[in-house]
Amino acid sequence: MTDGSELVQMWGVPLTGMILLGLVSVLVRVLPAYLPLPTSPATRRRIEVVLPVAVFVNLAVYCAAGEIGTAAWPAIAGFAALAALFPLRRRLPFIVLVLIPSGVYVVVLRLAEG
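How each quantity is defined
Residues numbered from 1 in each chain as written. Predicted model: local features only at pLDDT ≥ 70, side-chain atom pairs only at ≥ 80, totals over all residues. Heavy atoms only, no water. Salt bridge = Lys/Arg side-chain N within 4 Å of Asp/Glu carboxyl O. Helix = DSSP H or I, 4+ residues; strand = E, 2+ residues; numbered from the N terminus. UniProt positions renumbered as here; feature names shortened; annotations may be inferred. Core = buried A, V, L, I, M, F, W, Y, C linked by side-chain atoms within 4.5 Å. Buried < 20%, exposed > 50% of the residue type's maximum accessible area, 1.4 Å probe, protein only. Contact = heavy atoms within 4.5 Å. Expected span 1.5 Å × (residues − 1). Arc of directions from axis to C-beta. Axes fitted to C-alpha atoms, helices over the stretch in contact; angles between N-to-C directions. Parallel < 35°, antiparallel > 145°, perpendicular 65-115°, else oblique. Left-handed = near helix turned anticlockwise from the far one by under 90°. Nonpolar A, V, L, I, M, F, W, Y, C, P; charged D, E, K, R; others polar.

Looking now at the pattern of salt bridges. Applying the stated criterion across every chain, the model contains one salt bridge. Between Glu-113 and Arg-110 there is a salt bridge; the shortest N-O distance is 3.2 Å. Highlighted residues: Glu-113 and Arg-110, both in helix α4 (residues 94-113), separated by three residues, approximately one helical turn.

Next up, the structure:
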């Protein structure tokens, strides 16, 4: 039996990331529905285009920064794969933008472990 500290250690960073992502999602998607800001249609369209990309990039940097401390080269390789795919973000499904860099990270991590 464990005293729970292993669970906190194992889930601490991912749980923090999930909570932050949830809060950002609420701020970006739910709050504007109830508190609409007086903006022009052009400004609203720009926000609709830029904000999801900014949230995605922010999440990717957050994940990479957390992993660089423990597995630098795999994290850098995964982030580089994301950066390479990023120009194609409008043509590729979102799941591809997540799965390919994650796969690169896992492969490089396994290769680094020997």
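Okay, back to it.
A few words now on the UniProt feature "transmembrane region" (unreviewed entry) in the protein chain. Sequence positions flagged by UniProt for "transmembrane region" (unreviewed entry) are, in local numbering, residues 12-35, 47-65 and 95-112. When the span residues 47-65 is considered, its composition is 100% helix and 0% strand, and the gap between its end C-alpha atoms is 26 Å. As annotated, residues 95-112 comprises 100% helix and 0% strand, and the C-alpha atoms at either end are separated by 25 Å.

To continue, consider the nonpolar core. If you look at the biggest cluster of nonpolar residues, it comprises five residues: Phe-56, Ala-60, Leu-82, Leu-85 and Leu-97. Among the elements of the structure, α2 (41-68) and α3 (72-85) are those that each provide at least two residues to this core. Beyond its immediate stretch of four places on either side in the chain, Leu-97 contacts Phe-56, Leu-82, Leu-85, Arg-89 and Leu-92.

Among the secondary structure elements, Ile-100 is positioned in helix α4. The class for Ile-100 is partly exposed, based on a relative accessible area of 39%.

The next thing to look at is α3. The end-to-end C-alpha distance of α3, which contains 14 residues, comes to 20 Å, matching closely the 20 Å that a straight helix rising 1.5 Å per residue would cover. Restricting attention to buried positions, one finds in α3 the residues Pro-74, Ala-75, Gly-78, Ala-81, Leu-82 and Leu-85. One side of α3 carries all its buried residues, which in axial view fall inside an arc of 125°. Away from its buried face by more than 90 degrees, α3 exposes Trp-73 and Ala-84. For α3, the secondary structure elements touched by its buried residues are α2 and α4.

Below, the discussion takes up α2. The end-to-end C-alpha separation of α2 is 40 Å, in line with the 40 Å expected for 28 residues at 1.5 Å each. Listed in full, the buried residues belonging to α2 are Phe-56, Ala-60 and Ala-64. As for α2, its buried residues are in contact with α3 and α4.

Bringing the packing of α3 against α4 into the picture now. Working note: a packed helix pair is described by the angle between its axes plus the distance between those axes. Remark: α3 packs on α4, axes separated minimally by 8 Å, with the N-to-C direction vectors making an angle of 150°. It follows that α3 is roughly antiparallel to α4 by the angle criterion. Classified by chirality, the crossing of α4 by α3 is right-handed. Contact residues: α3 offers Trp-73, Pro-74, Ala-75, Ala-77, Gly-78, Ala-81, Leu-82 and Leu-85, while α4 offers Val-96, Leu-97, Ile-100, Pro-101, Val-104, Tyr-105, Val-108 and Leu-109. Its residues assigned to classes, the contact of α3 with α4 comprises 15 nonpolar, one polar and no charged.

A word on the environment of Ser-25. By the element assignment, Ser-25 lies in helix α1 (residues 5-34). Sequence separation between Ser-25 and Val-55 is 30 residues; the distance between their C-alpha atoms is 8.8 Å.

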